[in-house]
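A look at the structure
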Amino acid sequence: ALDFKSCGITHMSIGDLEGAKTGETPNFDLIKNIKKEGSLFCEVGGGIRSLDVIDKYGCTKTGNRAKYDAGVCYLNLGQFDKAIDYLKDYKGKDAVTGILAEAMIGDAEAELGHNDEALRHYEKAYKMDTENKLTAPSICFKAGEMCRAKGDNAKALEYYKIVKNFPTSPEYNTIDTYIGVVEAE
């Protein structure tokens, strides 16, 4: 690692082939020392297929992404508290997964009946990128639904009307029905 660093290399990808074969982390200490001594950004792969290993490698990019994947899996399995824990630990740095993780925390909270918390996470996710054509309409629809569940039709209507700004989204196709229902209530 020091030789790489002396050549100006700042990033290193390390494949733990033994870990990939066994699903364990036989080279964890070695990889940790390479990262520490070389002060390099290290991407690690191999053997990351259990929650214990995710926790061990959680400080790496791959381990971080595994937290996101575990959160998604737990959400789909209906284990909402565990989904929330893993999604909260995920540090999304791209234009989509950080927003989706925040929105999925809202989904899990909604499933647990925590409508105020769900709405808070939907609002936070929407504010992360209000122009994102992929995420904004879906999140605003969900926020509108949470507002309706809480009896705040005026706020629900605000969120539904935001969906109208995204005519290519699936939510756009039915949003007029939701707007009509809220206006009629």
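The coordinates are above.
Residues numbered from 1 in each chain as written. Predicted model: local features only at pLDDT ≥ 70, side-chain atom pairs only at ≥ 80, totals over all residues. Heavy atoms only, no water.

**What about the packing of helix 5 (residues 61-77) against helix 7 (residues 97-111)?**
Stated precisely, the cut-off is as follows: Note on geometry: axes are C-alpha line fits, over the in-contact stretch for helices, and angles between N-to-C directions span 0 to 180 degrees. The helix and strand labels rest on DSSP assignments: H or I over at least four residues marks a helix, E over at least two residues marks a strand, and numbering proceeds from the N terminus. With respect to orientation, any angle under 35 degrees is reported as roughly parallel, any angle over 145 as roughly antiparallel, any angle of 65 to 115 as roughly perpendicular, and every other angle as oblique. A crossing counts as left-handed when the near helix is turned anticlockwise from the far one by less than a right angle, and as right-handed when that turn is clockwise. Contacts are residue-level and defined by heavy atoms, with any inter-residue pair within 4.5 Å sufficient. Any residue outside Ala, Val, Leu, Ile, Met, Phe, Trp, Tyr, Cys, Pro, Asp, Glu, Lys and Arg is labelled polar, Gly included; the first ten of those are nonpolar and the last four are charged.
As a packed pair, helix 5 and helix 7 sit with axes 11 Å apart at the nearest point and diverge in direction by 30 degrees. Viewed along their axes, helix 5 and helix 7 adopt a mutual orientation that is roughly parallel. The element helix 5 and its partner helix 7 pack so that their crossing is left-handed. Residues R65, Y68, V72 and L75 of helix 5 touch helix 7, and the partners they reach there are T97, L100, A101, M104, D107 and A108. Residue classes in the contact of helix 5 with helix 7 are distributed as 7 nonpolar, 1 polar and 2 charged.

**Some words on the nonpolar core**
Note the threshold: Nonpolar cores are built from buried Ala, Val, Leu, Ile, Met, Phe, Trp, Tyr and Cys residues. Side-chain atoms within 4.5 Å join them into one set. Relative accessible area decides the class of each residue, using a 1.4 Å probe on protein chains only: under 20% of the type maximum gives buried, over 50% gives exposed, and in between gives partly exposed.
Counting residues in each nonpolar core, the largest one holds 24 residues, and the members touching the most others are I139, Y159 and Y160. Of all the secondary structure elements, the ones that give two or more residues to this core are helix 7, helix 8 (115-128), helix 9 (136-149), helix 10 (153-163) and helix 11 (172-184). By residue number, the principal contributor to this core is helix 9, which donates 7 residues. With sequence-adjacent residues up to four places away left out, Y160 is seen in contact with F141, G144, E145, R148, I175, Y178, I179 and V182. Y74, F80, L87 and I105 belong to the second largest nonpolar core, which has 14 residues in total.

**Side note on the packing of aromatic side chains**
Each aromatic ring pair is summarised here by two numbers: the centre-to-centre distance and the angle between the ring planes. Note the following rule: Ring pairs are drawn from Phe, Tyr and Trp, using the six-membered ring of Trp, whenever the two centres fall within 6.5 Å, and their geometry is named by plane angle: stacked under 30 degrees, edge-to-face over 60, tilted for the rest.
For the structure on display, the rule yields 5 aromatic pairs. With a centroid separation of 4.8 Å and 85 degrees between ring planes, the pair formed by F141 and Y178 is classed as edge-to-face. One end of the pair, F141, is in helix 9; the other, Y178, is in helix 11, with 37 residues separating them in the sequence. Ring centres of Y160 and Y178 lie 5.8 Å apart, and the angle between their planes is 55 degrees; this geometry places the pair in the tilted category. Here Y178 lies in helix 11 and Y160 lies in helix 10, a separation of 18 residues in the sequence. What makes Y160 buried here is its relative accessible area of 0%. Residue class for Y178 comes out partly exposed when judged on its relative accessible area of 27%. Through a chain of ring-to-ring contacts, the aromatic side chains of F141, Y160 and Y178 assemble into a single cluster.

**As for the environment of N132**
To be explicit about the condition: Definition of a polar contact: a pair of N or O atoms within 3.5 Å, with one able to donate and the other able to accept a hydrogen when the atoms are protein atoms, and with sequence-neighbouring residues admitted only if both atoms are side-chain atoms.
The topology assignment puts N132 in the loop between helix 8 and helix 9. For the pair formed by N132 and V96, sequence separation is 36 residues and the distance between their alpha carbons is 8.4 Å. In this structure, N132 is in contact with A95, V96, I99, P137 and F166, ignoring residues within four places of it in sequence. In terms of polar contacts, N132 uses its side chain to reach the backbone amide nitrogen of T135, at 3.0 Å.

**So, the packing of helix 8 against helix 10**
The description of two packed helices rests on the angle between their axes and on the distance between the axes. Orientation of helix 8 relative to helix 10, taken along the N-to-C sense of each, is 35 degrees, at an axis distance of 14 Å. Note on packing geometry: the crossing formed by helix 8 with helix 10 is left-handed. On helix 10, the residues that touch L119, E123 and Y126 of helix 8 are K155, Y159 and I162. Residue composition of the contact of helix 8 with helix 10, grouped by class: 4 nonpolar, no polar and 2 charged.

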